[in-house]
Structures are given as C-alpha cells and as structure tokens.
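Residues per chain, in single letters:
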Amino acid sequence: MPSTLASTRKLVFASACIVSALICGAARAEPPIRSPEDAACRNEARAKVFSAPNPQGLELEEIGRRIYFACMSRVAQAASPPVKRGSRRHRHRRP
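The rules behind these values
- Residues numbered from 1 in each chain as written.
- Predicted model: local features only at pLDDT ≥ 70, side-chain atom pairs only at ≥ 80, totals over all residues.
- Heavy atoms only, no water.
- Helix = DSSP H or I, 4+ residues; strand = E, 2+ residues; numbered from the N terminus.
- Buried < 20%, exposed > 50% of the residue type's maximum accessible area, 1.4 Å probe, protein only.
- Contact = heavy atoms within 4.5 Å.
- Areas by Shrake-Rupley, 256 points an atom, 1.4 Å probe, with all protein chains shown as cover.
- Expected span 1.5 Å × (residues − 1).
- Core = buried A, V, L, I, M, F, W, Y, C linked by side-chain atoms within 4.5 Å.
- Disulfide = S-S within 2.5 Å.
- Phe/Tyr/Trp six-rings, centres within 6.5 Å; stacked < 30°, edge-to-face > 60°.

Trainee: How would you sum up the overall build of the protein? Please name residues and give values.
Mentor: Tallying secondary structure elements over the protein gives three helices and zero strands in all. Reading the secondary structure of the protein in the N-to-C direction produces α-α-α. Residues counted as buried form 12% of the 95 residues belonging to the protein. In the protein, once contacts between residues fewer than 6 apart in sequence are set aside, the share between residues at least 24 apart is 35%. Surface summary for the protein: the accessible area is close to 9000 Å², and the carbon and sulfur share equals 61%.

In structure tokens, the structure reads:
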C-alpha cells in the first residue's frame, strides 16, 4: 500500500503539470480580435493553412501568418478610398 506522502507527491506533481500546461497555453494564445476584418482574416488563415502550397518547407504558423497578413493588406486596400489626383489647370499662352 502506498504511503500518504507518495500519493501526495503524485498529486502535487500532477497538479503542477496541469498548471504549467495551462500557463503555457495562455502564453501562446492569440491577441484579442480587433475588428470584423481581423476575425475574417483569421478564419481565412485557419481554413487555408493546411491546403496552401509550401515549397519552402515553412512551419504552419508562418504559413498562417503570411495568409493572414495578405488578407489584411487586401482588406485595407479595398477599404481605402481611391486616390484622387488633383485637377490641374493648364494655362494657355496667348500668341
């Protein structure tokens, strides 16, 4: 029969493992979502990360990051108003 001390050590060790796993998981958590576009681009990156071509042998996190930033730049470009050029007046010279 195991002693009370041994069972207590096992309990403490198991709880320490669980706590450290929770802390490490929180450290790798994503930052909070800041906009609907941010949420849409995160979902797009999650959906495409496994099907995207990977000829360079990058890690999945890097592929997802690239997909996310490509989506965000596409959204930002579509959301910005088109650049208007100032109208120029041409002076006509009198002969």
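What follows picks up the thread again.
Trainee: A description of helix H3 (residues 60-79) should follow, citing residues and the corresponding values.
Mentor: Taking 1.5 Å of rise per residue, 20 residues should cover 28 Å, and H3 covers 28 Å from first to last C-alpha, within 8% of that figure. Buried residues along H3 sit against helix H2 (36-48).

Trainee: Explain the nonpolar core to me, and be specific about the residues and the numbers.
Mentor: Cys41, Ala45, Val49, Ile63, Ile67, Tyr68 and Cys71 form the largest nonpolar core, which has seven residues in total. In terms of residue count, H3 provides more of this core than any other element does, four residues in total. Filtering out sequence-adjacent residues up to four positions away, Cys41 remains in contact with Tyr68, Cys71, Met72 and Val75.

Trainee: Account for the state of the cysteines, naming residues and giving values.
Mentor: Following the criterion strictly, the structure yields one disulfide and no others. Across the disulfide from Cys41 sits Cys71; the S-S distance is 2.1 Å. Taking the sign of the torsion about the S-S bond as the criterion, the disulfide between Cys41 and Cys71, at about -70°, is left-handed. In this pair, Cys41 sits in helix H2 while Cys71 sits in helix H3, placing the two residues 30 residues apart along the sequence. Judged by its relative accessible area of 1%, Cys41 falls in the buried class. Among the residues examined, Cys71 registers a relative accessible area of 3% and is labelled buried.

Trainee: So what about the packing of aromatic side chains? Which residues, and what values?
Mentor: Each aromatic ring pair is summarised here by two numbers: the centre-to-centre distance and the angle between the ring planes. As enumerated under the stated definition, the model contains one aromatic pair in all. Their ring planes at 70° and their centres at 5.2 Å tell us that Tyr68 and Phe69 sit as a pair that is edge-to-face.

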